[in-house]
Amino acid sequence: MAVVNRTPDSFFDEGATFALDRAVAAAGRAAELGADWVDVGGVPFGRGPSVSVPEEIERVVPVVERIAETSDVVISVDTNRASVAAAAIAAGASVVNDTSGLGDPEMARVIADSDAHVVITHSVGPPRVEKPAARFDDVVREVRDFLLARTERAIDAGVPENRIIVDPGHDLDKNTAHSLELTRRLAEIAEIGPPLLVAVSNKDFIGETLDRAKEMRLAGSLAAMVSSIERGARIVRMHDVAAAVDAARMTEAILGWREPARMEHNTHPTRNV
């Protein structure tokens, strides 16, 4: 899953794809590089100035429409607002990536009334709000319980189980120790059942673990991604598509899920050196 942020204050690219044409071009380039999904966001999760619903729709919907016209890549919209999700689905999005985990009471109904999938992500309280220091008695157990409860809420609202994806929410209202523990014990989250998505790319837990600035976190991001795949992640949300695709495909080949693209080394009798 590639990331396209149509925001002037995005965490990683700091507005590089805020312009409509740049956002659409970034989505097309990601698909060319091997991304299966493109996640379009109009409001960052972290604290910052409020963005109205009409403004968020204006940021997201034109990008979704343009991508849908030119590509068959899966389009996800990163929003926690049901009205934005409904507009994006109507424009061509087939996944709603909800970082509030169905915090909007109308979100489950919007998903149920469509053909879209939903990513239910663990976080604590609403996005864009200053919160107290993160505290968990057992972060994995509490994240697991939250995801189970919100999955049940979605099913009760009429969302089919096969359209639900879960995400433990690395760094979302969690400190570095929490995110490392989630990664270490990710198999316990995967046991919930729905496909597991992880968003570890360039997160602060990588920067703090390695003492690396945002622009120097690629190696750490790939290591966290590979560890997550080995522990059950099946969708990985990453910024550097080319590097992530290669690392993911290599991991899949090692695990026996993918055949090599070609077989030449030591396969010809006159070339066995």
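Our structure is the block above this text.
Residues numbered from 1 in each chain as written. Predicted model: local features only at pLDDT ≥ 70, side-chain atom pairs only at ≥ 80, totals over all residues. Heavy atoms only, no water.

Trainee: What is the right way to look at the side chain of Arg-237 in this model?
Mentor: By the secondary structure assignment, Arg-237 is in the loop between strand 8 (235-236) and helix 10 (241-254). When residues no more than four places from it in sequence are discounted, the contact partners of Arg-237 are Met-1, Val-3, Asn-5, Asp-39, Asp-78, Asn-97, Leu-197, Val-198, Ala-199, Val-200 and Ser-201. (Helix = DSSP H or I, 4+ residues; strand = E, 2+ residues; numbered from the N terminus. Contact = heavy atoms within 4.5 Å.)

Trainee: Could you clarify how one ought to interpret the sheet that holds strand 6 (residues 164-167) in this entry?
Mentor: Pairing between the strands of a sheet comes from backbone hydrogen bonds, and it takes one of two forms, parallel or antiparallel. In space, the 6 strands of this open sheet follow the order 1-2-3-4-5-6, with parallel pairing throughout. Either end of the sheet is taken by a strand with one partner, and the two such strands are strand 1 (2-5) and strand 6. Going across the sheet, the axis of each strand differs from the next one's by a mean of 25°, ignoring polarity. Against the sheet, helix 1 (residues 20-32) engages strand 1 and strand 2 (37-41), with an angle of about 175° to strand 1. (Pairing = 2+ DSSP bridges. Axes fitted to C-alpha atoms, helices over the stretch in contact; angles between N-to-C directions.)

Trainee: Any chance you could explain the layout of surface pockets here in plain terms?
Mentor: Over the atoms, a rolled probe matching the size of one water molecule traces out where space is still vacant. Taken as a whole, the second largest pocket spans an internal volume of roughly 410 Å³. Met-1, Asp-36, Val-236, Ala-248 and Glu-252 are, among the 20 residues lining the second largest pocket, the residues nearest its centre. If one sorts the elements of the lining of the second largest pocket by residue count, helix 10 sits on top with 6 residues. The residue inventory of the lining of the second largest pocket, partitioned by class, reads 14 nonpolar, 1 polar and 5 charged. (1 Å grid on protein atoms, 1.4 Å probe; cavity = no way out; pocket = protein on both sides within 12 Å on 5 of 7 lines; lining within 4 Å. Points joined across faces, edges and corners; volume = space filled by probe spheres on them. Nonpolar A, V, L, I, M, F, W, Y, C, P; charged D, E, K, R; others polar.)

Trainee: Help me understand the packing of helix 9 (residues 218-230) against helix 10 in this model?
Mentor: Packed helices, taken two at a time, are described by their axes: the angle between them and the distance between them. The N-to-C vectors of helix 9 and helix 10 enclose an angle of 35°; their axes lie 10 Å apart at closest approach. In this structure, the crossing between helix 9 and helix 10 has a hand that is right-handed. From helix 9, Leu-218, Leu-222, Met-225, Val-226, Ile-229 and Glu-230 reach across to helix 10, where they touch Ala-243, Ala-244, Ala-247, Ala-248 and Thr-251. (Left-handed = near helix turned anticlockwise from the far one by under 90°.)

Trainee: What am I meant to see in the side chain of Ser-201 here?
Mentor: Considering the arrangement of structural elements, one finds Ser-201 in the loop between strand 7 (197-198) and helix 8 (204-210). Residue class for Ser-201 comes out buried when judged on its relative accessible area of 5%. For Ser-201, the side chain forms a polar contact with the side chain of Asn-202, separated by 3.2 Å. Non-local contacts of Ser-201, meaning those with residues more than four positions away in its chain, are made with Ser-221, Arg-237, Met-238 and His-239. (Buried < 20%, exposed > 50% of the residue type's maximum accessible area, 1.4 Å probe, protein only. Polar contact = N/O pair within 3.5 Å; in protein donor to acceptor, adjacent residues only side chain to side chain.)

Trainee: Would you take a moment to explain the environment of Ser-83 for this structure?
Mentor: As for its placement among the helices and strands, Ser-83 is situated in helix 3 (residues 82-91). With relative accessibility at 37%, the residue Ser-83 sits in the partly exposed group. Residues within four places of Ser-83 in sequence aside, it is in contact with Val-53 and Ile-57.

Trainee: Is there a simple way to explain the pattern of salt bridges in this structure?
Mentor: Any two side chains of opposite charge can pair, given that their charged atoms come close. Counted according to the given criterion, the structure contains 18 salt bridges. Measuring nitrogen to oxygen at the nearest pair gives 3.0 Å for the salt bridge that ties Arg-59 to Glu-55. Of the two residues, Arg-59 and Glu-55 both sit in helix 2 (residues 53-70), 4 residues apart, roughly one turn of that helix. Note on Arg-59: relative accessible area 9%, which makes it buried. Between Arg-141 and Asp-145 there is a salt bridge, with its nearest N and O atoms 3.7 Å apart. Here Arg-141 pairs with Asp-145, and both are found in helix 5 (residues 139-156), just 4 residues apart, close to one helical turn. (Salt bridge = Lys/Arg side-chain N within 4 Å of Asp/Glu carboxyl O.)

Trainee: When you look at the environment of Ser-227 in this model, what are you seeing that I'm missing?
Mentor: Structurally, Ser-227 can be placed in helix 9. As for Ser-227 and Ala-243, which are separated by 16 residues in sequence, their C-alpha atoms are 15 Å apart.

Trainee: Would you take a moment to explain the nonpolar core for this structure?
Mentor: Soluble globular proteins tend to bury their nonpolar side chains together. Formed by 64 residues in total, the largest nonpolar core has its most connected members in Val-38, Ile-67, Leu-147, Ile-189 and Met-225. With 6 residues, the top contributor of residues to this core is helix 5. In contact with Met-225, not counting residues within four places along its chain, are Val-200, Val-236, Met-238, Ala-244, Ala-247 and Ala-248. (Core = buried A, V, L, I, M, F, W, Y, C linked by side-chain atoms within 4.5 Å.)

Trainee: How should helix 1 be read in this particular structure?
Mentor: The periodicity of an α-helix, 3.6 residues per turn, causes residues three or four places apart in sequence to face the same way. Compared with the 18 Å implied by 1.5 Å per residue over 13 residues, the 19 Å span of helix 1 between its first and last C-alpha is a close match. Among the residues making up helix 1, those that are buried are Ala-23, Val-24, Ala-27 and Ala-30. Projected onto a plane normal to the axis of helix 1, the buried residues spread over an arc of 125° and lie on a single side. Structural note: helix 1 exposes Asp-21, Arg-22 and Glu-32 on the side pointing more than 90 degrees away from its buried face. Along its buried surface, helix 1 packs onto strand 1, strand 2, helix 2 and helix 10. Looking one or two residues past helix 1, Gly-34 carries a phi angle of roughly 120°, positive in sign. (Expected span 1.5 Å × (residues − 1). Arc of directions from axis to C-beta.)

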